[in-house]
Amino acid sequence: MIAIITGDIINSEQYNAKEWIEVLKTYLSTLGSSPDVWEIYRGDEFQIRTSNENALEIAIHIKSLIKSIKNLDVRMSIGLGEETYVGSGVSESNGPAYQLSGRMFTQLKGQKISMAIATGIPTKDQTLNLMLKLALHFMDDWSPVSAEIVTLALENPSASQNEIAKMLGIQQSAVSQRQKRARLDLVQELLAYYAQILKERTL
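Residues numbered from 1 in each chain as written. Predicted model: local features only at pLDDT ≥ 70, side-chain atom pairs only at ≥ 80, totals over all residues. Heavy atoms only, no water.

Draft legend 1. Structural detail: the overall build of the protein. The secondary structure content of the protein amounts to eight helices and five strands. Start at the N end of the protein and walk to the C end: the helices and strands fall as β-α-β-β-α-β-α-β-α-α-α-α-α. Compactness check: the protein gives a C-alpha radius of gyration of 17 Å against a globular reference of 17 Å for 203 residues, within 12% of the reference. Counting only C-alpha atoms, the protein reaches 50 × 40 × 30 Å along its principal axes. When the 203 residues of the protein are sorted by exposure, 50% land in the buried category. As displayed, the protein offers around 10100 Å² of accessible surface, 49% of which is attributable to carbon and sulfur atoms. Averaging the coordinates of the 20 positive side-chain charges in the protein and doing the same for the 23 negative ones gives two points 5 Å apart. (Helix = DSSP H or I, 4+ residues; strand = E, 2+ residues; numbered from the N terminus. Rg over C-alpha atoms; globule rule 2.2 N^0.38 Å. Buried < 20%, exposed > 50% of the residue type's maximum accessible area, 1.4 Å probe, protein only. Areas by Shrake-Rupley, 256 points an atom, 1.4 Å probe, with all protein chains shown as cover. Lys, Arg positive; Asp, Glu negative; His and termini not counted. Charge placed at Lys NZ, Arg CZ, Asp CG, Glu CD.)

Shown next as structure tokens:
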């Protein structure tokens, strides 16, 4: 069982690709090599193969990275399932995980939703996507400063507020305020809930 994340940069045509593509590539390179694990194609679309367990955190991490750049956002669908054919790269491989991700991605454009999950199990999809919709109410509104603080928290999960403050050159109290504005506590709760849902039944 694997997870496939399909995504694109929202309104990318209005911005120079240099503003976001190196940021995205640098992060994707930490996940593995291209084209085996990830690919960027057709200018602003990308696809990633990862584990079920890591999929939502990776998607939120990408969202925080892209939203750290003023006025940019990203749309992503996560498909969980089997991989039945391994091609020369992610975009040439196939299986239920790819199909679920691709179909959900097409739906996202019409629904104007920036992130969703497809597991092929209706009850799980309904629950997970309701939680995601609620979270997107504040994640879609992250300012670059809020997105940056989420990125740092995801990249340094054991770092204290004091340690993050040193990274940013600001006071600990300012880190606390930024984390509250970004609703970092709810992001962490969402990730914990996702992990719990996965354990209830093997996908």
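Draft legend 2. Representation of helix α5 (residues 144-155) within the structure. Given a rise of 1.5 Å per residue, 12 residues ought to cover 16 Å, and the 16 Å separating the end C-alpha atoms of α5 matches this to within 8%. For α5, every residue scored as buried is listed here: Ser146, Ala147, Ile149, Val150, Thr151, Leu152, Ala153 and Leu154. Looking at the buried positions of α5, the neighbouring elements they touch are α2 (52-67), α6 (161-168), α7 (172-182) and α8 (184-200). (Expected span 1.5 Å × (residues − 1). Contact = heavy atoms within 4.5 Å.)

Draft legend 3. Here's a closer look at the environment of Glu200. Looking at where Glu200 falls in the secondary structure, it is placed in helix α8. In the structure, Glu200 is positioned 76 residues away from Lys124 in sequence and 9.9 Å away in space, judged by C-alpha atoms.

Draft legend 4. View of the pairing of strand β1 (residues 2-10). Extensive coverage of β1 is indicated by the burial of nine of its nine residues. As paired elements, β1 and strand β3 (residues 45-50) share six bridges and run antiparallel to each other. For Thr6, the partnering residue across the bridge sits in β3 and is Gln47. (Pairing = 2+ DSSP bridges.)

Draft legend 5. Region of interest: the packing of α2 against helix α4 (residues 122-139). Remark: α2 packs on α4, axes separated minimally by 13 Å, with the N-to-C direction vectors making an angle of 20°. Comparing the axis directions of α2 and α4 gives the class roughly parallel. Crossing handedness for the pair α2 and α4: right-handed. For the pair α2 and α4, the contacting residues are Leu56, Ile60, Lys63 and Lys67 in the first and Leu132, Leu136 and Met139 in the second. (Axes fitted to C-alpha atoms, helices over the stretch in contact; angles between N-to-C directions. Parallel < 35°, antiparallel > 145°, perpendicular 65-115°, else oblique. Left-handed = near helix turned anticlockwise from the far one by under 90°.)

These values are about where atoms sit, not about what they do.
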